[in-house]
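# Structure at a glance
Letter by letter, the chains look like this.
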Amino acid sequence: MSSNASTLYAQISSNPEQTQALFRQALQDPNGAMESICGLGQQLGLPVTPQEVREHLASLEDEDSQRWLVKARGGL
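Residues numbered from 1 in each chain as written. Predicted model: local features only at pLDDT ≥ 70, side-chain atom pairs only at ≥ 80, totals over all residues. Heavy atoms only, no water.

### Regarding the confidence of the model for the protein chain
- Summing up the model confidence of the protein chain, the mean pLDDT is 84 and the portion of residues at 70 or higher is 80%.
- By mean pLDDT, the top-scoring element of the protein chain is helix α3 (residues 30-43) (93), and the lowest-scoring one is helix α5 (residues 63-71) (67). (pLDDT = per-residue confidence, 0-100. Helix = DSSP H or I, 4+ residues; strand = E, 2+ residues; numbered from the N terminus.)

Structure below.
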């Protein structure tokens, strides 16, 4: 399933509006953002668990991804 997290991340990253919406949600409601990410994965046939999403984000080295972790640490 970790490959699902990678594929889902790529899909979300390719849509700037969706990326910004999830980032804004993560700032206000980190757990809700995680639910949205996992729900989106379900809709796209890429089921992921919150732990898989956290692990994938932690494995990324780009600055934007690390921003997610710093700003939304509570749920992500």
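### Some details on the environment of Ser-59
- With respect to the helices and strands, the residue Ser-59 is situated in helix α4 (residues 50-59).
- Within the local environment of Ser-59, its side chain forms a polar contact with the backbone oxygen of His-56, the two atoms lying 2.7 Å apart. (Polar contact = N/O pair within 3.5 Å; in protein donor to acceptor, adjacent residues only side chain to side chain.)

### Observations regarding the packing of helix α2 (residues 16-28) against α3
- As a packed pair, α2 and α3 sit with axes 5 Å apart at the nearest point and diverge in direction by 145°. Residues Gln-18, Leu-22, Gln-25, Ala-26 and Gln-28 of α2 form the contact with α3, whose participating residues are Pro-30, Gly-32, Ala-33, Ser-36, Ile-37 and Leu-40.
- Its residues assigned to classes, the contact of α2 with α3 comprises six nonpolar, five polar and no charged. (Axes fitted to C-alpha atoms, helices over the stretch in contact; angles between N-to-C directions. Contact = heavy atoms within 4.5 Å. Nonpolar A, V, L, I, M, F, W, Y, C, P; charged D, E, K, R; others polar.)

### What to know about the side chain of His-56
- Relative to the assigned elements, His-56 resides in helix α4.
- What makes His-56 buried here is its relative accessible area of 15%.
- If near-sequence neighbours (up to four positions away) are discounted, His-56 is found in contact with Ala-5, Ser-6 and Tyr-9. (Buried < 20%, exposed > 50% of the residue type's maximum accessible area, 1.4 Å probe, protein only.)

### Considering the nonpolar core
- Counting 13 residues, the largest nonpolar core has Leu-8, Ile-12, Ile-37, Val-48 and Val-53 as its most contacted members.
- Those elements that provide at least two residues to this core are α1 (2-13), α3 and α4.
- Among all residues touching Val-53, those that are not within four sequence positions of it are Met-34, Ile-37 and Val-48. (Core = buried A, V, L, I, M, F, W, Y, C linked by side-chain atoms within 4.5 Å.)

### Points about α2
- With 13 residues, α2 ought to run about 18 Å at 1.5 Å a step, and its terminal C-alpha atoms sit 19 Å apart, in line with that.
- Looking only at α2, the buried set comprises Thr-19, Leu-22, Phe-23 and Ala-26. Mapping the buried residues of α2 onto a view down its axis gives an arc of 100°, with all of them on the same face. Along α2, the residues that are exposed and aim more than 90 degrees away from the buried face are Glu-17 and Gln-28. (Expected span 1.5 Å × (residues − 1). Arc of directions from axis to C-beta.)

### With respect to the side chain of Glu-52
- Along the chain, Glu-52 turns up in helix α4.
- It is Arg-54 that comes nearest to the buried, bridge-free Glu-52 among opposite-charge side chains, at 9.9 Å.
- Within polar-contact distance, the side chain of Glu-52 engages the backbone nitrogen of Thr-49 at 2.8 Å. (Lys, Arg positive; Asp, Glu negative; His and termini not counted. Salt bridge = Lys/Arg side-chain N within 4 Å of Asp/Glu carboxyl O.)

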